[in-house]
Amino acid sequence: MTARRPRIAFVGSGGAAKGIAHLGVLKACEELGIVPDIFVGTSAGAIVAATYGQGIPLDVILDSYRLPWKRRYPGKKLTEHVFLRPPPLETFLRPGHLLSGLLSIDGFERFMRSRLPCNDFRRLDRTILVTATDIDAVRRVVFGRGFIEDVPVSRAVAASCCVPVLFRPYQIDGRYYVDGELVRTLSADLAVGQGAEIVIVSNVYKPHYPENTERSFAHRGIPAVLEQSLNVLLSEKERRGLELYHYLFPRVSFIQITPNIGSFSFLNRFRARKLVRRGYREALKELSVAKARGVFEPRPLVQVAGTN
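Residues numbered from 1 in each chain as written. Predicted model: local features only at pLDDT ≥ 70, side-chain atom pairs only at ≥ 80, totals over all residues. Heavy atoms only, no water.

Caption draft 1: A look at the overall build of the chain. Broken down by element type, the chain carries 10 helices and 12 strands. Relative to the compact-globule value of 19 Å for 308 residues, the chain shows a C-alpha radius of gyration of 20 Å, a close match. Projecting the C-alpha coordinates of the chain onto the three principal axes gives extents of approximately 70 × 55 × 40 Å. The 308 residues of the chain split such that 51% are buried. Expressed as a percentage of contacts within the chain between residues at least 6 apart in sequence, the contacts between residues at least 24 apart total 74%. Just so you have it, the chain exposes about 15500 Å², and 56% of that area is on carbon and sulfur atoms. One finds the centroid of the 44 positive side-chain charges in the chain at a distance of 4 Å from the centroid of its 29 negative side-chain charges. (Helix = DSSP H or I, 4+ residues; strand = E, 2+ residues; numbered from the N terminus. Rg over C-alpha atoms; globule rule 2.2 N^0.38 Å. Buried < 20%, exposed > 50% of the residue type's maximum accessible area, 1.4 Å probe, protein only. Contact = heavy atoms within 4.5 Å. Areas by Shrake-Rupley, 256 points an atom, 1.4 Å probe, with all protein chains shown as cover. Lys, Arg positive; Asp, Glu negative; His and termini not counted. Charge placed at Lys NZ, Arg CZ, Asp CG, Glu CD.)

See the structure below:
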């Protein structure tokens, strides 16, 4: 009987700098010969989906996070200066919008536009879906083929990465968008809707559990308490979401990869090497177990009655 390879999806959560761990997960996929057909991402996961999903090598993507004297490739890098550029002139004519966030995401959109091999969802070889939140309609919005597909990929990613308060809501065709994780931490249902039979979920929100020798978070200041609180909140959302997906889609294999990076800051991109390593190790463990169980084995073709 003829067999076929199962359709595989990679779903990446947000997490700002912690999202670098997604690259470690994909490195493990490469080593094990696991090739995703579908990429779904929100915020940091959207950056990974839009770049790696278009065939940009992992080492090239990671180069943006290396220290200047350790970089290996030419071209613009994703540094803090990308986010510190002034907003468009028309923003100054709308004081309310100007005061709706500390920074503009427009510089990041221009950076993504300059780096993407293709900026049109309709021309992509693979399925790439990016989610954001319409702040006025209070709903998840999906950018990609079969959804909103006439918006440039770079603009969709910018909308998905627009963290409230830090960035002003991003305008596309008269609507304002913020980070896609406000509505849903993971959008694995979109991967299933695209025919995925195996969904690799890379989630970076695992909380940090202090050892007996460590200080309590209550004694580490506001930033530490806030980060741990976000980890707890979003990891709980992710856990409940996956439980629901297991119930709704019993024939789909969901492989959850949650590296132990709760002690890492959301904003410290200079620990990229450790983040990638931890994502890689956790993914290698979970994916190897799944392979040993035969999850990735070819599936028999279903033959319709009456056909040869």
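Once you've had a look at it, read on.
Caption draft 2: Expanded view of the environment of Val35. Mapped onto the elements of the fold, Val35 is located in the loop between α1 (21-31) and β3 (38-42). Between the alpha carbons of Val35 and Arg4 there is a distance of 14 Å; along the sequence they are 31 residues apart.

Caption draft 3: View of the pattern of salt bridges. The tally for this structure, following the rule as stated, stands at 13 salt bridges. In this structure, the salt-bridge partner of Asp189 is Arg140, at a minimum N-O distance of 3.0 Å. Residue Asp189 is located in helix α8 (residues 188-193), and its partner Arg140 is located in strand β6 (residues 139-143); the two are separated by 49 residues in the primary sequence. Exposure remark for Asp189: the relative accessible area of 18% places this residue in the buried category. In this structure, Glu243 engages Arg239 in a salt bridge whose closest nitrogen and oxygen atoms are separated by 2.6 Å. (Salt bridge = Lys/Arg side-chain N within 4 Å of Asp/Glu carboxyl O.)

Caption draft 4: Examining the environment of Pro86 more closely. Within the secondary structure layout, Pro86 lies in the loop between α4 (80-83) and α5 (95-98). Here the alpha-carbon distance between Pro86 and Arg126, two residues 40 residues apart in the chain, equals 34 Å.

Caption draft 5: Seen up close, the packing of aromatic side chains. Applying the stated criterion across every chain, the model contains 5 aromatic pairs. A centroid spacing of 5.6 Å and a plane angle of 70° characterise the contact between Phe143 and Tyr177, whose relative ring orientation is edge-to-face. You can see Phe143 sitting in strand β6 and its partner Tyr177 sitting in strand β9 (residues 175-179), a full 34 residues away along the chain. Given a relative accessible area of 1%, Phe143 falls into the buried group. Through pairs of rings, three or more aromatic residues link up here, namely Phe10, Phe39 and Tyr52. It is Lys27 that lies over the ring of Tyr280; its NZ or CZ is 5.9 Å from the centre. (Phe/Tyr/Trp six-rings, centres within 6.5 Å; stacked < 30°, edge-to-face > 60°. Lys NZ or Arg CZ within 6 Å of the ring centre and 35° of its normal.)

Caption draft 6: Fine view of the packing of helix α6 (residues 106-115) against helix α7 (residues 153-160). At a minimum axis distance of 8 Å, the contact between α6 and α7 shows a crossing angle of 140°. Compared by their axis directions, α6 and α7 come out oblique. Crossing geometry of α6 relative to α7 is assigned as right-handed. Residues Phe108, Glu109, Met112 and Arg113 of α6 lie in contact with α7, whose contacting residues are Ser154, Arg155, Val157 and Ala158. When the residues that make up the contact of α6 with α7 are grouped by side-chain class, the tally is 4 nonpolar, 1 polar and 3 charged. (Axes fitted to C-alpha atoms, helices over the stretch in contact; angles between N-to-C directions. Parallel < 35°, antiparallel > 145°, perpendicular 65-115°, else oblique. Left-handed = near helix turned anticlockwise from the far one by under 90°. Nonpolar A, V, L, I, M, F, W, Y, C, P; charged D, E, K, R; others polar.)

Caption draft 7: Representation of the state of the cysteines. Tallied over the entire structure, the rule returns 0 disulfides. Free cysteine: Cys118, not disulfide-bonded; nearest cysteine sulfur from Cys161 at 18 Å. In this structure Cys118 comes out as buried when scored by relative accessible area, which is 12%. (Disulfide = S-S within 2.5 Å.)

Caption draft 8: Representation of the packing of α1 against helix α2 (residues 44-52). Where α1 meets α2, the axes come as close as 10 Å, and the angle between the chain directions of the two elements is 40°. Relative to α2, α1 is oriented oblique. Contacts from His22, Leu23, Leu26 and Glu30 of α1 reach α2 at Ala44, Gly45, Val48 and Tyr52. Tallied by class, the residues present in the contact of α1 with α2 amount to 5 nonpolar, 2 polar and 1 charged.

Caption draft 9: Representation of a nonpolar patch on the surface in the model. Together, Leu102, Val163, Val165 and Leu166 line one region of the surface with nonpolar side chains, adding up to about 340 Å² of accessible area. Looking at the secondary structure, you find Leu166 in strand β7 (residues 165-167). (Patch = residues over 30% accessible without salt bridge, like charges linked within 9 Å, V, L, I, M, F, W, Y side chains within 5 Å.)

Caption draft 10: Summary view of the side chain of His208. Topologically, His208 is positioned in the loop between β10 (198-202) and α9 (222-248). Among the polar contacts made by the side chain of His208, one reaches the side chain of Glu214 at a distance of 3.2 Å. In this structure His208 touches Glu214, Phe217, Arg220, Gln228, Gly262 and Ser263, once residues within four positions along its chain are discounted. (Polar contact = N/O pair within 3.5 Å; in protein donor to acceptor, adjacent residues only side chain to side chain.)

Any link to function would need more than the numbers given here.
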